[in-house]
Amino acid sequence: MAGIQQGRVRRFLLYHFRKKGGTVLLGLLFLAGAFVGTKIYGQCDSETVELLAALMGLQRNTTFSEAFQNGFLTEGGLMVLLFFCGFCAIGQPVAVFLLFYRGLGLGIAGTFLAQQGREAFSYYALILLPQTLLFLLLQLAATRESIAFSLNFLRQLFGSAGVKGLSVTPRVYVLRFLFLLLLSGFSAFLGALLMLLISRWIL
């Protein structure tokens, strides 16, 4: 009886690992980028720190309209880049690196703001971090779509048949990214609204 239950548990874990293991690995890559970012910040010179301060100051003083435009242009541009990575047989490294790069930026910004006092850290914890995690969910979904579609071209390049469950038609791929682009716009709106509401209390 115990052996049967262990077998069910093992099959259950294997099933979910096959379904969600890729997403977990991509999330860990983002966390690795954030960790490396905290270490890189310690090597930054004074000019780099001054540049970070200027960039953060500009971001914290933007209006709702500017925050929405900046967020949508940034995330929309990212979606377009991931979209085209899917049509490249070797686009997977670029898609994966973009996740690491986002984590790297969050780690550097978080370490910088944590050293600037309570107000700056409140901005990081209540505005920047939630915005980043919101956009990260969309980026994870887009990265998975891009990698899966790109692998189809890689298999064709080596004359291998596509793996069932990964192959999608270009039409479906385009529609999924259009949907993700719309969600990016909505997320940019929520992020700008969050900044507008919370910044009145902490800035």
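Below, the structure is looked at part by part.

Reading the values: rules and limits
Residues numbered from 1 in each chain as written. Predicted model: local features only at pLDDT ≥ 70, side-chain atom pairs only at ≥ 80, totals over all residues. Heavy atoms only, no water. Core = buried A, V, L, I, M, F, W, Y, C linked by side-chain atoms within 4.5 Å. Buried < 20%, exposed > 50% of the residue type's maximum accessible area, 1.4 Å probe, protein only. Helix = DSSP H or I, 4+ residues; strand = E, 2+ residues; numbered from the N terminus. Salt bridge = Lys/Arg side-chain N within 4 Å of Asp/Glu carboxyl O. Disulfide = S-S within 2.5 Å. Axes fitted to C-alpha atoms, helices over the stretch in contact; angles between N-to-C directions. Parallel < 35°, antiparallel > 145°, perpendicular 65-115°, else oblique. Contact = heavy atoms within 4.5 Å. Nonpolar A, V, L, I, M, F, W, Y, C, P; charged D, E, K, R; others polar.

### As for the nonpolar core
Judged by nonpolar contacts, the single largest core of 35 residues is most densely connected at Met79, Leu82, Leu113, Leu128, Ala142 and Phe177. Where this core is concerned, the elements lending two or more residues are helix 1 (2-41), helix 3 (64-85), helix 4 (92-114), helix 5 (118-157) and helix 6 (170-202). By residue number, the principal contributor to this core is helix 5, which donates eleven residues.

### Quick notes on the pattern of salt bridges
By the definition in use, this model includes two salt bridges. The shortest N-O distance in the salt bridge between glutamate 75 and arginine 102 comes to 2.7 Å. Within this pair, whereas glutamate 75 is found in helix 3, its partner arginine 102 is found in helix 4, the two being separated by 27 residues in sequence. When sorted by exposure, glutamate 75 lands in the same class as arginine 102, which is buried. A salt bridge links glutamate 145 to arginine 176; the nearest nitrogen and oxygen atoms lie 3.0 Å apart. Here glutamate 145 is found in helix 5, whereas its partner arginine 176 is found in helix 6, with 31 residues between them in sequence. The class for arginine 176 is partly exposed, based on a relative accessible area of 36%.

### Quick notes on the environment of glutamate 75
The exposure class of glutamate 75 is buried, given its relative accessible area of 5%. Taking C-alpha positions, glutamate 75 is 8.1 Å from glycine 185, a pair spaced 110 residues apart along the chain.

### Some words on the state of the cysteines
If you walk through the whole model with that rule in mind, you get zero disulfides. The cysteine cysteine 85 is free of any disulfide, with cysteine 88 supplying the nearest cysteine sulfur at 7.1 Å.

### Description of the packing of helix 3 against helix 4
Think of two packed helices as two axes; the pair is described by the angle between the axes and how far apart they sit. Direction vectors running N to C along helix 3 and helix 4 enclose 155°, while the axes themselves pass 9 Å from each other. The angle between helix 3 and helix 4 places the two elements in the roughly antiparallel class. Contacts between helix 3 and helix 4 involve Glu75, Leu78, Leu81, Leu82 and Cys85 on the former and, on the latter, Val94, Ala95, Leu98 and Arg102. Of the residues in the contact of helix 3 with helix 4, the class split is seven nonpolar, no polar and two charged.

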